[in-house]
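So you can see what is in the structure, the chains are spelled out below.
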Amino acid sequence: MIGPVRGTHDWLDTSLFNFVIATAAHHFKRANFSEIKTPVLEPTELFKRSLGLHTDVVSKEMFTIASHDESDSICLRPEATASVMRAFLAAGQQSLPWKVFVHGPMFRHERPQKGRFREFHQFNLELIGAESIAHDAFTLALFEQLFSQQFKLDSYALLINFLGCADDRAQLRPKLNAFLDMHFDTLCATCKVRKEKNVMRIFDCKNEQCKSLYQTAPYITDHLCVSCEKEWHELKVQLEILAVSYTHTPSLVRGLDYYDKTVFEFVSSALGSQNAFCSGGRYNALATMLGSKTDYPSFGAAIGIDRVALMLEPLRAKLALPQPAAIHAIIPLSSAQHHLALLIADLLFDAGLTVELIVDGDSIKSMMRKANKIGAQYAIIIGPDEVEAGTVSVKTMMTGIEEKVVQRDLVSFLKK
Ligand SMILES: [Zn+2]
Ligand SMILES: [Zn+2]
């Protein structure tokens, strides 16, 4: 037997998966976002430039397709924000802010665990050319509404932090380095490397000793310039006006190079150690990192569809999941009635009803058992007597009541 590739999985029931996408799409269309699609295959260069060479994603998690010419290297996209920005810059003039969403599979070569897959699905929301911090506040409120009102989630929290501008981080780096030099011997091996390559990322360390040490580290929110300080203050006030509860988490930096100012994560204890199910932030410099001459301050976020579906599983009964249509099982008693059964199935299907043809059983009993198993509401039984009389027997599965109905009246009988 051939199993799935490690870190991938089959969805045999897509009801929650589709519910997450359809509900989020409907929700954000009401805030004037529109759907786009971008390819799963992208130039590797796109992520080297946007995510940063020293991020885990680029340095060890990319599924790259080997090529003779390095400049032609392509990969399976590890995330969608850089793709959306690439698409925006390629399209040329758009009215701003450009508000779009995109969903689909992403790929990262990570160690699989609960809620973490190598092929995973994201719903991305992006606002390109959206300078005001009010966009951040309003979008966070939209996410909050989606999770609490539509998805009925209750045990989650919104963590936010403010990374300031590039200048603020440049000011902080030597201070952070001085702090790390003081405690160099106690740092884990990963943090020693990060100190040299991308010092802000030390805050992502999961090592307990590092984590407790960093509680006394200099934080970016204590070293903001005047205009960033004002925006950070404004963001908090606006979230309060919108009644969005949040926790300021000064160690939240997100892994990727393109973030500045607002970063956030929605986390849930239901997910174990991979506890973030929606995350994102502001990426004001991404356009220029990708070669644009114009700055496009932007804000975006991704919902982990696999993780949200996992969280929704115990809440199924509370959700407005689409109800399946009533199934009409058509049961000829023997192959002698197959022609009539086919014609009746065709007639009902043409009339817009949902049909299932049950023709593989060897007895009425086994066929009725099948009809029950698929959850049929009606069984339409056709035997020699019915063929003779121009009727069918309609059995309402719930009540067990069986009625003879003239064939030409069948559609109107079932639709009443
Ligand atoms: Zn600043
Ligand atoms: Zn560490």
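Summarised in this report is the structure supplied together with it.

Attention shifts here to the overall build of the chain. Along the backbone of the chain there are 15 helices and 16 strands. Scaling as 2.2 N^0.38, a compact globule of 416 residues should have a C-alpha radius of gyration of about 22 Å, whereas the chain reaches 28 Å, well beyond that. For the chain, the C-alpha atoms occupy an extent of roughly 95 × 50 × 45 Å along the three principal directions. Counting all 416 residues of the chain, 36% fall into the buried class. Across the chain, contacts joining residues at least 24 apart in sequence account for 68% of those joining residues at least 6 apart.

Turning our attention to the sheet that holds strand β14 (residues 378–382). The five strands lie next to each other as β13-β12-β14-β15-β16, forming an open sheet whose pairing is mixed. Whereas interior strands pair on both sides, the edge strands pair on one side only; in this sheet they are β13 (354–357) and β16 (402–406). Ignoring which end each strand starts from, the neighbouring axes of this sheet average 30 degrees apart. Across five bridges, the pairing between strand β15 (residues 391–396) and β16 is antiparallel. Residue T391 lies in a different strand from β16, and its bridge partner there is V406. Strands in contact with helix α12 (residues 338–350) are β12 (327–332), β13, β14 and β15; relative to β12, the strand with the most contacts, it is inclined by about 165 degrees.

The next thing to look at is the sheet that holds strand β2 (residues 41–43). Strands sit in the order β2-β4-β3 across an open sheet of three strands; the sheet is antiparallel. Among the strands making up the open sheet, the edge pair consists of β2 and β3 (63–65). The sheet shows a mean angle of 40 degrees between the axes of neighbouring strands, taken without regard to direction. In this structure, β2 lies alongside strand β4 (residues 74–76), joined through three bridges in antiparallel fashion. Within the sheet, the bridge partner assigned to L41 lies in β4 and is L76. Set on the sheet, helix α2 (residues 44–51) makes contact with β2, β3 and β4; between it and β2 the angle comes to about 65 degrees.

Moving on, we get to the packing of helix α1 (residues 15–29) against helix α5 (residues 133–150). When two helices pack together, you describe them by how their axes are tilted relative to each other and by the distance separating the axes. Contact geometry of α1 with α5 gives a least axis separation of 11 Å together with a crossing angle of 135 degrees. In terms of orientation, α1 and α5 fall into the oblique class. In terms of crossing hand, the pair formed by α1 and α5 is right-handed. Two secondary-structure elements touch here, α1 through T23, A24, H27 and F28 and α5 through L142, L146 and Q150.

A separate point is helix α9 (residues 226–241). Its 16 residues place the ends of α9 23 Å apart at the C-alpha level, agreeing with the 22 Å of an ideal helix rising 1.5 Å per residue. Those residues of α9 lying buried are C228, E231, W232, L235 and L239. Viewed end-on, α9 has its buried residues packed into an arc of 100 degrees, placing them on one side of the element. Among the exposed residues of α9, those pointing more than 90 degrees away from its buried face are V226, S227, K230, V237, E240 and I241. Looking at the buried side of α9, the elements it contacts are α5, β7 (156–162), α6 (166–182) and β9 (260–268). Positive phi appears at A243, one or two residues downstream of α9, with a value of about 55 degrees.

What follows is about α2. All of the buried residues in α2 are F47, S50 and L51. Considered in projection along α2, the buried side chains sweep an arc of 80 degrees and stay on one side of the axis. Here the buried face of α2 lies against α3 (56–60), β4, α4 (81–91) and α10 (286–289). One or two residues past the end of α2 sits G52, with phi positive at roughly 105 degrees.

Pairing between β7 and β9: seven bridges, direction antiparallel. In the sheet register, N161 faces β9, and the bridge partner there is V263. One ladder, built from two bridges, connects β7 with strand β8 (residues 247–248); its direction is parallel. Within β8, the position partnered with I160 by the bridge is H248.

The rules behind these values
- Residues numbered from 1 in each chain as written.
- Chains lettered and ligands numbered in written order.
- Predicted model: local features only at pLDDT ≥ 70, side-chain atom pairs only at ≥ 80, totals over all residues.
- Helix = DSSP H or I, 4+ residues; strand = E, 2+ residues; numbered from the N terminus.
- Rg over C-alpha atoms; globule rule 2.2 N^0.38 Å.
- Buried ≥ 20, exposed ≤ 12 C-beta atoms within 10 Å, placed from the backbone.
- Contact = placed C-beta atoms within 7 Å.
- Pairing = 2+ DSSP bridges.
- Axes fitted to C-alpha atoms, helices over the stretch in contact; angles between N-to-C directions.
- Parallel < 35°, antiparallel > 145°, perpendicular 65-115°, else oblique.
- Left-handed = near helix turned anticlockwise from the far one by under 90°.
- Expected span 1.5 Å × (residues − 1).
- Arc of directions from axis to C-beta.

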